[in-house]
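Each chain, written out:
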Amino acid sequence: MFLTDDDMFSSAFCENSEKLIDVHLFALAAKYYSLSNLGVCTPLEDVLEALKGNSQGATGIKADEFMNNKKSHEVQVMSELVDNIVNYCGIKQVIDIGSGKGYLSSFLSMQYNLKVYGIDSSNSNTDGARERNRKLKKHWRAYQSRGRANLKPQSLEKTNDRPVESKMKSKTINEELLNNAKSLQSRDQVIMQDLVPSCGFTEMGTFETRTETEADLMPQTKSHEDKLSEEVLAILNVLPADAVEVFSSSHRNWGELCEEEKVQRKKTSPKTKATKSSESNLYLPLTSCITAETELSDIVTDLEDCVMVGLHTCGDLAANTLRIFAAKPEVKAVCSVGCCYHLLSEQFENQEECCDKVWGFPMCQYLKDKGWCCGRNARMSACLALERVAVGQMLPTESLFYRAVLQVIIEEMYGVTKSDRHVGKTFSKSSSFIDYVRRSLKKLELDDSKLPDSCIMDYYEKYKHRMNELEAFNMLKVVLAPCIEVLILLDRLCYLKEQENIAWSGLVKLFDPVKSPRCYAVIALKEE
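Since this is a predicted model, take the numbers as computed values, not measurements. (Residues numbered from 1 in each chain as written. Predicted model: local features only at pLDDT ≥ 70, side-chain atom pairs only at ≥ 80, totals over all residues. Heavy atoms only, no water.)

## A short note on the pattern of salt bridges
Our working rule: Counted as salt bridges are all cases of a side-chain nitrogen of Lys or Arg within 4 Å of a carboxyl oxygen of Asp or Glu. Any residue under 20% of the maximum accessible area for its type is buried, any over 50% is exposed, and the rest in between are partly exposed; the area is computed with a 1.4 Å probe on protein chains only. Helix and strand definitions follow DSSP, with helices as H or I runs of at least four residues and strands as E runs of at least two, each counted in order from the N terminus.
Enumeration over the complete set of coordinates arrives at 15 salt bridges. As a salt-bridge pair, Glu 469 and Arg 466 come within 3.2 Å of each other at their nearest N and O atoms. A relative accessible area of 40% means that Arg 466 is categorised as partly exposed. Glu 485 is the salt-bridge partner of Arg 518, the closest N and O atoms lying 3.0 Å from each other. Placement of the pair is Arg 518 in the loop between strand E7 (502-509) and strand E8 (520-526) and Glu 485 in helix H22 (residues 467-498), with a sequence separation of 33 residues. What makes Glu 485 buried here is its relative accessible area of 7%. Salt bridges sharing partners connect three or more residues here, namely Lys 70, Lys 71 and Glu 74.

## Overview of the packing of helix H19 (residues 397-414) against helix H21 (residues 453-463)
Which entries qualify depends on this criterion: Think of each axis as a best-fit line through the C-alpha atoms, taken over the contacting stretch in the case of a helix, with angles from 0 to 180 degrees between the N-to-C directions. Note that the term roughly parallel is reserved for angles under 35 degrees, roughly antiparallel for angles over 145, roughly perpendicular for angles of 65 to 115, and oblique for everything else. Crossing chirality is assigned from the near helix's rotation relative to the far helix, an anticlockwise turn below a right angle marking it left-handed and a clockwise turn marking it right-handed. Note on contacts: a residue pair is in contact if any heavy atoms of the two residues lie within 4.5 Å. Residues are grouped as follows: Ala, Val, Leu, Ile, Met, Phe, Trp, Tyr, Cys and Pro are nonpolar; Asp, Glu, Lys and Arg are charged; all remaining types, including Gly, are polar.
Packing of H19 against H21 leaves a shortest axis separation of 10 Å and a crossing angle of 125 degrees. Considered as vectors, H19 and H21 are oriented oblique to each other. In this structure, H19 crosses over H21, and the sense of that crossing is right-handed. Side by side, H19 and H21 meet where Phe 401, Tyr 402, Val 405, Val 408, Ile 409, Glu 412 and Met 413 of the first sit next to Cys 455, Tyr 459, Tyr 460 and Tyr 463 of the second. Considered class by class, the residues forming the contact of H19 with H21 number 10 nonpolar, no polar and one charged.

## A word on the packing of aromatic side chains
The criterion, for reference: A pair of Phe, Tyr and Trp rings is counted when the ring centres sit within 6.5 Å of each other, with Trp represented by its six-membered ring. The angle between the planes then sorts it: under 30 degrees is stacked, over 60 is edge-to-face, the rest tilted. By definition here, charges over rings are those cases where NZ of Lys or CZ of Arg is within 6 Å of the ring centre and within 35 degrees of the ring normal.
Throughout the structure, instances matching the rule amount to 11 aromatic pairs. Ring centres 6.4 Å apart and planes at 75 degrees place the aromatic pair Phe 107 and Tyr 112 in the edge-to-face group. Comparing Phe 107 with Tyr 112 shows no difference in burial state: the two are buried. Measuring from centroid to centroid gives 6.5 Å for Tyr 402 and Tyr 460, while their planes differ by 80 degrees, and the two rings are edge-to-face. Of the two residues, Tyr 402 sits in helix H19 while Tyr 460 sits in helix H21, which places them 58 residues apart along the sequence. Residues Tyr 402 and Tyr 460 agree in their burial class; the two are buried. One aromatic cluster is present, built from ring pairs that chain together Phe 401, Tyr 402, Phe 427, Phe 433, Tyr 436 and Tyr 460. Its guanidinium or amino end placed over the ring of Tyr 414, Lys 450 lies 4.8 Å from that ring's centre, counting from NZ or CZ. Sitting over the face of the ring of Phe 325, Lys 526 holds its NZ or CZ atom 4.9 Å from the ring centroid.

## Comments concerning the nonpolar core
Worth spelling out the cut-off: Residues belong to a common nonpolar core when they are buried Ala, Val, Leu, Ile, Met, Phe, Trp, Tyr or Cys residues joined through side-chain atoms within 4.5 Å.
Counting residues in each nonpolar core, the largest one holds 84 residues, and the members touching the most others are Met 78, Leu 81, Ile 85, Ile 119, Leu 510 and Ile 523. Beyond its immediate stretch of four places on either side in the chain, Ile 119 contacts Ile 95, Asp 96, Ile 97, Gly 98, Ser 99, Leu 286, Ser 288, Ile 290, Leu 296, Ile 299 and Val 300. The next biggest cluster of nonpolar side chains, apart from the first, holds 22 residues, and it includes Leu 444, Cys 455, Ile 456 and Tyr 463.

## Overview of helix H4 (residues 44-52)
Here is the rule we go by: Throughout, the arc means that of the directions going from the helix axis to the C-beta atoms.
Inspection of H4 places Leu 44, Val 47, Leu 48, Ala 50 and Leu 51 among the buried residues, and these make up the whole buried set. For H4, the angular spread of the buried residues around the axis is 165 degrees, confining them to a single face.

## A closer look at unusual backbone geometry
Of the consecutive residues Phe 361 and Pro 362, the connecting peptide bond is found in the cis state with omega at -5 degrees. With respect to the helices and strands, Pro 362 occurs in the loop between strand E6 (331-339) and helix H16 (365-369). Even without glycine at this site, Asn 113 takes up a positive phi of about 60 degrees. Here Asn 113 lies in the loop between helix H6 (103-112) and strand E2 (115-120).

What follows is the structure in structure tokens.
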């Protein structure tokens, strides 16, 4: 008798009580439905090979000279991919959405000679870029001399005079990526294949693990960080002093330009194009909030054919990045790595009628038609890092226990079941459980004077024997995390498959998940 996947895994739960009774089977089911097992990802090597052709990669500055281990890993891997996409499309402009402190933007500009606009909603990040540029003037001459000594003359020559490659037909990437694609075997994969054109899927090759030494996983020492900061404070600092321009398009109403400023920008735009377009490597940090309706031309005055990128775009910003890509003809390709799934807005979470709102989840019509909802708890779980736990980086059980007991206290003592305020990182600043509770109550604007220390400790003693239960529960959440992330990522991929002007789209594992848990990129290229 043939058993379906549901039949195999359903016995993990009691049929009557629906409680978990087989943890091992639960873990196997979670692994079965993870991205690494489903075979829907396109290997990064295949994408680079299809994009690159016979071109040679750039040589020059190493990101790990200026960033911590995690950030340098992300920036080097993603910048190489973006450079290949840019070359493939025959364009030189990159729009970095949610650019933060500008690590990726500045590296793309400096290392790959691209014109990059970094857009972030935080004025403090933009101000930080301005401050780093000021410090750059002090360090640039020494760094430039050292950089020239490390670069081969021919590499410098290539960097200073980068030709724009002729445009290639988009179908090439389809042919190269898909020649050896195999049909997906499981029932769920067949359903997905029926729903989504098969051109975006390549079966995953043999899974290989790379043994990480303890040194690979340990953070850099303080003395090493001090040494690096003395050389150059950040990757932004390797740009020429005149190459960084900082200006803000922020307003009282985020993301909306007043008519007066739109007129002013149109007047200054020709001058900007004349003075800036001639500069091949340029990084300009901008301050603006990006929504699905954002007009890029209102923010970037000399917008041209471009590639849109996002390294760990938070919450709805990842979804909005894909929507802008699909809607704007100037955006020829997108490479987006999302994060902070717990901040996604969900259309069916509260069952509120709001027809005009653009939601972060679901994006694709298939899940919309089914009214699919994850819920905040599931989205919080999707942010957990299974691979890190697997190598011994355990969950912060004590802080989670503090938070759980605090919730009991505020419900029973204050009658509060929901609040718009957040406790934040109170645990790291607290000297004891009593201190933690009092700090948290103040943040929540609750009167702590009615709660004596003895009462607080009574709650602690009442529940401390259940700390092991809490740890076990959170380990189950960690095991389930990849399955929830799969749902969110496949929703985004399916959305792109539903668009008519996309030549190719896929999910690609970019990063080592131990170094960077949110390691999957959604990539797409438009038809010519």
